[in-house]
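Observations on the model geometry
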Amino acid sequence: MDTREESPEFYRQRYLELKSRAQATNTRRSSAPGTSNPVAIPQDAILVEETIPGGWYWTHRIERGHTLRIAGEAATEGVSALIWNADDTSERLNPADTVKVQWTARIGLGKLLLSDMGRVLASIAADRGGLHDCIAGGSTPESNARKYGETTLHRNTRDNFLLAAAKHGLGPRDVGPCITFFAGVATNDVGRLVWTSGPADAPYVDLRAEMNLLVALSNCPHPIAPTRRFDAPPVRAVIWRSPPPAPSDLPRTTSEEAMRAFENTDTSFVG
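What comes next concerns the included structure.

Leu68, Ile70, Leu113, Phe181, Leu207 and Leu217 are the most contacted members of the largest nonpolar core, which totals 30 residues. Not counting residues up to four positions away in its chain, the partners in contact with leucine 68 are Trp58, Ile62, Val205, Asp206, Leu207, Val215, Leu217, Ala237, Val238 and Ile239. Residues Tyr57, Leu82, Ala86 and Ala216 belong to the second largest nonpolar core, which totals twelve residues.

Our next topic: the packing of aromatic side chains. According to the stated counting rule, one finds two aromatic pairs in the structure shown. Centre to centre, the rings of phenylalanine 181 and phenylalanine 182 are 6.4 Å apart; their planes meet at 55°, and the pair counts as tilted. For phenylalanine 181, a relative accessible area of 0% translates into the label buried. Among the residues examined, phenylalanine 182 registers a relative accessible area of 1% and is labelled buried. Positioned above the aromatic ring of phenylalanine 269 is the side chain of arginine 64, whose terminal nitrogen or guanidinium carbon lies 4.3 Å from the ring centre. Lying across the ring of tryptophan 56, arginine 155 places its NZ or CZ 3.8 Å from the centre.

Further remarks concern the environment of alanine 74. Within the secondary structure layout, alanine 74 lies in the loop between strand S3 (66-72) and strand S4 (79-85). C-alpha of alanine 74 to C-alpha of proline 233: the two residues are 159 residues apart in sequence and 6.9 Å apart in space. Contacts of alanine 74, omitting those with residues within four sequence positions, involve Asp201 and Pro203.

Let's shift gears to helix H6 (residues 256-266). For H6, the full list of buried residues reads Glu257, Ala258, Ala261, Phe262 and Thr265. Take H6 and look down its axis: the buried residues cluster within an arc of 135°, on one side only.

All of the buried residues in helix H4 (residues 157-166) are Thr157, Asn160, Phe161, Ala164 and Ala165. Seen end-on, H4 carries its buried residues on one side only, within an arc spanning 135°. The secondary structure elements touched by the buried residues of H4 are strand S2 (57-62), S4 and strand S11 (213-218). Capping of H4 at its N-terminal end is provided by asparagine 156; its side-chain oxygen lies 3.1 Å from the backbone amide nitrogen of arginine 158.

Attention now moves to the sheet that holds strand S12 (residues 235-241). Pairing within the open sheet is antiparallel, and its six strands lie in the order S1-S12-S3-S10-S6-S5. Across the chains shown, the open sheet's two edge strands, defined by having one partner strand only, are strand S1 (46-52) and strand S5 (112-114). Here the strands of the sheet are splayed against their neighbours by 20° on average, with no regard to which way each runs. In this structure, strand S6 (residues 120-128) lies alongside strand S10 (residues 204-209), joined through six bridges in antiparallel fashion. When the bridges of S10 are listed, aspartate 127 appears paired with valine 205.

The rules behind the values
Residues numbered from 1 in each chain as written. Predicted model: local features only at pLDDT ≥ 70, side-chain atom pairs only at ≥ 80, totals over all residues. Heavy atoms only, no water. Core = buried A, V, L, I, M, F, W, Y, C linked by side-chain atoms within 4.5 Å. Buried < 20%, exposed > 50% of the residue type's maximum accessible area, 1.4 Å probe, protein only. Contact = heavy atoms within 4.5 Å. Phe/Tyr/Trp six-rings, centres within 6.5 Å; stacked < 30°, edge-to-face > 60°. Lys NZ or Arg CZ within 6 Å of the ring centre and 35° of its normal. Helix = DSSP H or I, 4+ residues; strand = E, 2+ residues; numbered from the N terminus. Arc of directions from axis to C-beta. Polar contact = N/O pair within 3.5 Å; in protein donor to acceptor, adjacent residues only side chain to side chain. Pairing = 2+ DSSP bridges. Axes fitted to C-alpha atoms, helices over the stretch in contact; angles between N-to-C directions.

Structure follows, in structure tokens:
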């Protein structure tokens, strides 16, 4: 057995290698034509296109191989997401494993959204903004009370997810931790979570479904976003038939951990 794999230094070096590789890839892509703005979706590829007003939620089934685009026309303070395996809803998004397995809490272009079974629910195939939070979670009645001084005037992500889950026959036990897109959350020098910066003026993220999914979105401001007024501009949710991934597809080749996660996933869809 290679004892180096048990040392902190081994894992520290592993993290730095993956970080360097991801930064190099992002630099190449950001300078490539067409990557600073969303790739146009062919009109005949669009299956669903809906607007989510500020404060409201949206939920839909997404088939494996299709892509969900979440896009805003203006800067936003977060759009939270829960994801379940549509064929077995006991398997769901696990933000902790999503961070741990990929050696980083900076989940963005090329990263995977992993389930609690070590499989890939979705991959981030395109991204403008690059600030997505897997740590703090979405808003709740309690966080709204602290931030806005009330509990009922404005909607919150926790209650939105309960409503979305109920539409699929799911209950409170099925509503776990979420990821919040377009949320500039980081840790400061003393380990506290802080809001570092706002997202792009017109943020978007493409989530390619790697299995059949149920997705719920909540368009409510992140609980630690600095704005003290409830200001959530509308965002669009677009499901479209995206092209199959190329052999050099970034999410599928970014690391050994990613390749193993896809092996665990793809075997369920063979034959």
